[in-house]
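# A look at the structure
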Amino acid sequence: MNVTADELAGIVDLFGGLTRPELERALSEAAFREDGGSVDDAALEETLDGALESFALVRYERSAVDGGEAEDETAPDLFVAGPTAFPSTPDAAEDLPHILEIDSRSRTLDRAALGDQAHDRFARAAATAVDAGDDDRIAELLDASYDLEAWAPVDLAAERDRLDAALERA
């Protein structure tokens, strides 16, 4: 089974967020239900990397909330549906909440902390794109900046100015 970034976002959105092992288990269950198949690990890795790069998925570092003083510092990171995603759930994934028995109520997210983490990730991505002179990536990030601001309480004006200036120099 191969999935798109939007399908990954749809699956994690069913739960409010999933850890990496939970996401892999969910995909494995969906693949089996779909056609008795399995997940192509290499394709999943590529799709997951692309989803994170495009902000279709965002990694929520629970141990970093409140300056590293989270309620449970051992809590693993969660993948959550990001600002550029159009979450869609594969047909075989509709029963995953019943199969996996994950209580989505335990997946409360501090939206401000999640926004701060996404902002930091965005700023790093913008700096990398500008330093590399990657006009295509700069344009992608400019588009994503508006989605991110609508998705989380962040202000990306400074990063957008830097990206715009980089494109003007090109």
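Residues numbered from 1 in each chain as written. Predicted model: local features only at pLDDT ≥ 70, side-chain atom pairs only at ≥ 80, totals over all residues. Heavy atoms only, no water.

Of the regular secondary structure elements, the protein holds seven helices and two strands. Going residue by residue from the N terminus, the α and β elements of the protein occur as α-α-α-β-β-α-α-α-α. Since a compact globule built from 170 residues should have a radius of gyration of about 15 Å, the 17 Å found for the protein is in line with a globular shape. Projected onto the principal axes, the alpha-carbon positions of the protein cover approximately 55 × 35 × 25 Å. The long-range share in the protein, meaning contacts at least 24 apart out of those at least 6 apart in sequence, stands at 73%. Across the protein, the mean location of the 14 positive side-chain charges is 3 Å away from that of the 42 negative side-chain charges. (Helix = DSSP H or I, 4+ residues; strand = E, 2+ residues; numbered from the N terminus. Rg over C-alpha atoms; globule rule 2.2 N^0.38 Å. Contact = heavy atoms within 4.5 Å. Lys, Arg positive; Asp, Glu negative; His and termini not counted. Charge placed at Lys NZ, Arg CZ, Asp CG, Glu CD.)

Here we come to the pattern of salt bridges. Scanning the model with the defined rule gives six salt bridges in all. Put simply, arginine 33 and aspartate 95 hold a salt bridge, and the shortest N to O gap is 2.8 Å. Remark: aspartate 95 occurs in the loop between strand 2 (78–81) and helix 4 (96–100) and arginine 33 occurs in helix 2 (residues 20–35); sequence separation between them is 62 residues. Residue aspartate 95 is classed as partly exposed on the basis of its relative accessible area of 28%. Across the pair arginine 162 and aspartate 131 runs a salt bridge whose closest N-O atoms are separated by 3.4 Å. A residue pair is termed long-range when its members are at least 10 positions apart, and arginine 162 in helix 7 (residues 157–169) and aspartate 131 in helix 5 (residues 111–132) qualify at 31 residues. Salt bridges sharing common partners tie together Arg20, Glu24 and Glu45. (Salt bridge = Lys/Arg side-chain N within 4 Å of Asp/Glu carboxyl O. Buried < 20%, exposed > 50% of the residue type's maximum accessible area, 1.4 Å probe, protein only.)

The next point concerns the packing of aromatic side chains. One pass over the full model with this rule turns up one aromatic pair. In this arrangement the basic side chain of arginine 111 is found over the ring face of tryptophan 151, its NZ or CZ atom lying 4.8 Å from the centre. (Phe/Tyr/Trp six-rings, centres within 6.5 Å; stacked < 30°, edge-to-face > 60°. Lys NZ or Arg CZ within 6 Å of the ring centre and 35° of its normal.)

The predicted model of the protein has a mean per-residue pLDDT of 89, with 92% of residues at 70 or higher. Summarising per-element confidence for the protein, the mean pLDDT is lowest in helix 4 (87) and highest in helix 6 (residues 135–151) (97). (pLDDT = per-residue confidence, 0-100.)

Close contact between helix 1 (residues 5–13) and helix 2 brings their axes to 11 Å; oriented N to C, the two are set at 105 degrees. As the angle between them shows, helix 1 and helix 2 are arranged roughly perpendicular. Across the interface between the two elements, Leu8, Ile11 and Val12 from helix 1 touch Leu23, Ala26 and Leu27 from helix 2. Within the contact of helix 1 with helix 2, the residues separate by chemical class into six nonpolar, no polar and no charged. (Axes fitted to C-alpha atoms, helices over the stretch in contact; angles between N-to-C directions. Parallel < 35°, antiparallel > 145°, perpendicular 65-115°, else oblique. Nonpolar A, V, L, I, M, F, W, Y, C, P; charged D, E, K, R; others polar.)

Here we come to the nonpolar core. Core analysis: the largest hydrophobic core is formed by 28 residues, its most contacted members being Leu8, Ile11, Leu18, Leu23, Leu27 and Leu57. Contributing elements (two or more residues each) for this core: helix 1, helix 2, helix 3 (41–54), strand 2 and helix 4. Top element by residues in this core is helix 2. It accounts for five residues. Once residues within four sequence positions are removed from consideration, leucine 18 is found in contact with Ile11, Val12, Leu23, Ala26, Asp77, Leu78, Phe79, Ile102 and Arg107. The next biggest cluster of nonpolar side chains, apart from the first, holds 24 residues, and it includes Val58, Ala113, Ile138 and Trp151. (Core = buried A, V, L, I, M, F, W, Y, C linked by side-chain atoms within 4.5 Å.)

Attention now goes to the pairing of strand 2. The side chains of a regular strand alternate between the sheet's two faces. Along strand 2, one buried face is formed by Leu78 and Val80 and the opposite face, lined by Phe79 and Ala81, is buried too. With four bridges joining them, strand 1 (residues 57–60) and strand 2 adopt antiparallel strand pairing. Each bridged residue has a counterpart across the sheet, and for arginine 59 the counterpart in strand 2 is phenylalanine 79. (Pairing = 2+ DSSP bridges.)

Looking at the element boundaries, isoleucine 99 is found in helix 4. By relative accessible area, which is 26% here, isoleucine 99 ends up partly exposed. C-alpha separation for the pair isoleucine 99 and glutamate 29, spaced 70 residues apart in sequence, amounts to 8.2 Å. Dropping the residues within four chain positions of it, isoleucine 99 is found in contact with Arg25, Glu29 and Arg33.

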